[in-house]
Amino acid sequence: MSDKSRKLKSDFLKYIGQTSVNAPLLDMVKGSGSFIYDRSGKRYLDFTSGIAVNNIGHGNNKVITAIKKQTGKYLHANVYGEFIVEPQVILARHITSLLPSQLNCVYFVNSGSEAIEGAIKLARRATGRKEIISFRNSYHGSTFGALSISGNDMLKTGMGPLAGNIRHIRFNCPADLIKITEKTAALFVEPVQGEAGVVVPDEYTGSNLRKKNFLQLLRERCNDTGALLVFDEAQTGIGRTGRMFAFEHYGAVPDILCLAKAVGGGMPLAAFIAGRKIMKCLSDPPFGHITTFGGNPLSCAAGSAVLNTIMDKKLLAGIARKEKIIRRILVHPQIRRIRGVGLMLALVLKKPAALHFFIRKCREEGLITDYFLFSENAVRIYPPLTVTDSEIISGSKIIMKVLDKIEGNN
Ligand code: PMP
């Protein structure tokens, strides 16, 4: 390790607020396509996409050019919603053109957490109801409201009392849906739960033998009770699962859709999207949500470049094939199963104790994987959508090699 690297590492730990106890402390200096490079010049294949952010790879030229072009015009115009910011309008037009017609109005914000805050406020104001229901093991962000609806107690330790009128029910448990009632303003759900370790909605056979998945049951219960259905697609959105939005796999459309992470191509950007009638509640009375930097023109210009790239390169068409290659290669006695859809996958290890050993060894071999906040034995496999077949094969081979090293393998 060079003197500069050593000093950077110690100053990082000294001056930068720390929350993790498992930080890999990778000193990244450059990203290009599916790869990142550390200060020593070592190259890593990134099978996390910066946790579902760099969906079209690192250092994408279209994104960089769009940001540079906007930089030459202006960086900031006014606080959100009072001046016309062209990059916002262009991006909102494009996003809504990809959505069912009822999701036709976009409010841009800075982060996934802020999108959730906006959606909570909007749902309460639009319905005049107070109760919010969400799921155990859900993660919706770290700000006060988003943390309150997240379904894990560890993150909330010592921070209460959090926001009230919130209930948590079990994902993939139809018996719990009875708890959604006429008192419920909104039900928040990740269509595929991310930090729980990639949990997909189950299918159920009804009395008429017709199959319905869990999200369709949620949609029906919300229709019956008048609760708004909110999909948090911070992780699943922007092509991660092989469709632009994960809900397209499951035949259930939300009343409010939250996007974050990949929507800005690495720039801070997120959004909550609803029908115009619902969204109108935010201007009656006015200033139902205010954000200084939300919908920043640079971020929105980058966001348009992301969508254009996904569409122009027809990236979504190749995702199921890429998933199949991963599933075909990754068959090993140390793998219990692979959960997920598209390039949002979790490798479930037989031995939870091997999790951090596995991630560390992969890194030593030049492959970045990751753990999930609420799973003790799952490894995150989220390659960029632009990953090539040969990159998938070489990453999967590293995984097989490292699995062989787990003790008691044979
Ligand atoms: N919702 C989900 C499903 C997420 O995965 C995340 C971030 N991991 C968030 C919300 C919060 O996003 P942010 O970190 O941008 O606030």
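The present account deals with the structure reproduced in this document. (Residues numbered from 1 in each chain as written. Predicted model: local features only at pLDDT ≥ 70, side-chain atom pairs only at ≥ 80, totals over all residues. Heavy atoms only, no water.)

## Describing the nonpolar core
Counting 117 residues, the largest nonpolar core has Phe108 and Phe358 as its most contacted members. For this core, the element with the highest residue contribution is helix H10 (residues 297-312), accounting for eight residues. Built from parts of two domains, this core gets at least three residues from each of domain 1 (3-59 + 317-408) and domain 2 (63-312). Excluding its chain neighbours within four sequence positions, the residues that come into contact with Phe358 are Leu347, Leu349, Thr369, Val379, Ile399, Val402, Leu403 and Ile406. (Core = buried A, V, L, I, M, F, W, Y, C linked by side-chain atoms within 4.5 Å. Buried < 20%, exposed > 50% of the residue type's maximum accessible area, 1.4 Å probe, protein only. Helix = DSSP H or I, 4+ residues; strand = E, 2+ residues; numbered from the N terminus. Domains from an automatic or database assignment. Contact = heavy atoms within 4.5 Å.)

## Description of empty space enclosed by the protein
Unoccupied space between atoms shows up once a probe the size of one water molecule is rolled over them. Counting across every chain of the model gives one cavity of 30 Å³ or more. Taken as a whole, the largest cavity holds about 60 Å³ of empty space. What lines the largest cavity is simply His76, Ala77, Asn78, Tyr80, Val85, Gln88, Thr292, Phe293, Gly294, Gly295, Asn296 and Pro297. (1 Å grid on protein atoms, 1.4 Å probe; cavity = no way out; pocket = protein on both sides within 12 Å on 5 of 7 lines; lining within 4 Å. Points joined across faces, edges and corners; volume = space filled by probe spheres on them.)

## Structural notes on the site of the ligand
All residues adjacent to the ligand are Ser111, Gly112, Ser113, Tyr139, His140, Gly141, Glu190, Asp232, Ala234, Gln235 and Lys261. Within the contact set of the ligand, an oxygen atom lies 2.6 Å away from a side-chain nitrogen or oxygen of Ser113. Contacts to the ligand include Gln235, whose side-chain N or O atom sits 2.9 Å from an oxygen atom. Across the complex, the protein chains shield 81% of the 390 Å² of accessible surface that the ligand would expose by itself. (Near = heavy atom within 4 Å. Polar contact = N/O pair within 3.5 Å; in protein donor to acceptor, adjacent residues only side chain to side chain. Areas by Shrake-Rupley, 256 points an atom, 1.4 Å probe, with all protein chains shown as cover.)

## Examining the packing of helix H12 (residues 355-364) against helix H13 (residues 389-404)
At a minimum axis separation of 9 Å, H12 and H13 run at an interaxial angle of 130°. With respect to H13, the axis of H12 lies oblique. With respect to the hand of their crossing, H12 and H13 are arranged in right-handed fashion. Where H12 approaches H13, its residues Phe358, Lys361 and Cys362 are matched on the opposing element by Ile398, Ile399, Val402 and Leu403. (Axes fitted to C-alpha atoms, helices over the stretch in contact; angles between N-to-C directions. Parallel < 35°, antiparallel > 145°, perpendicular 65-115°, else oblique. Left-handed = near helix turned anticlockwise from the far one by under 90°.)

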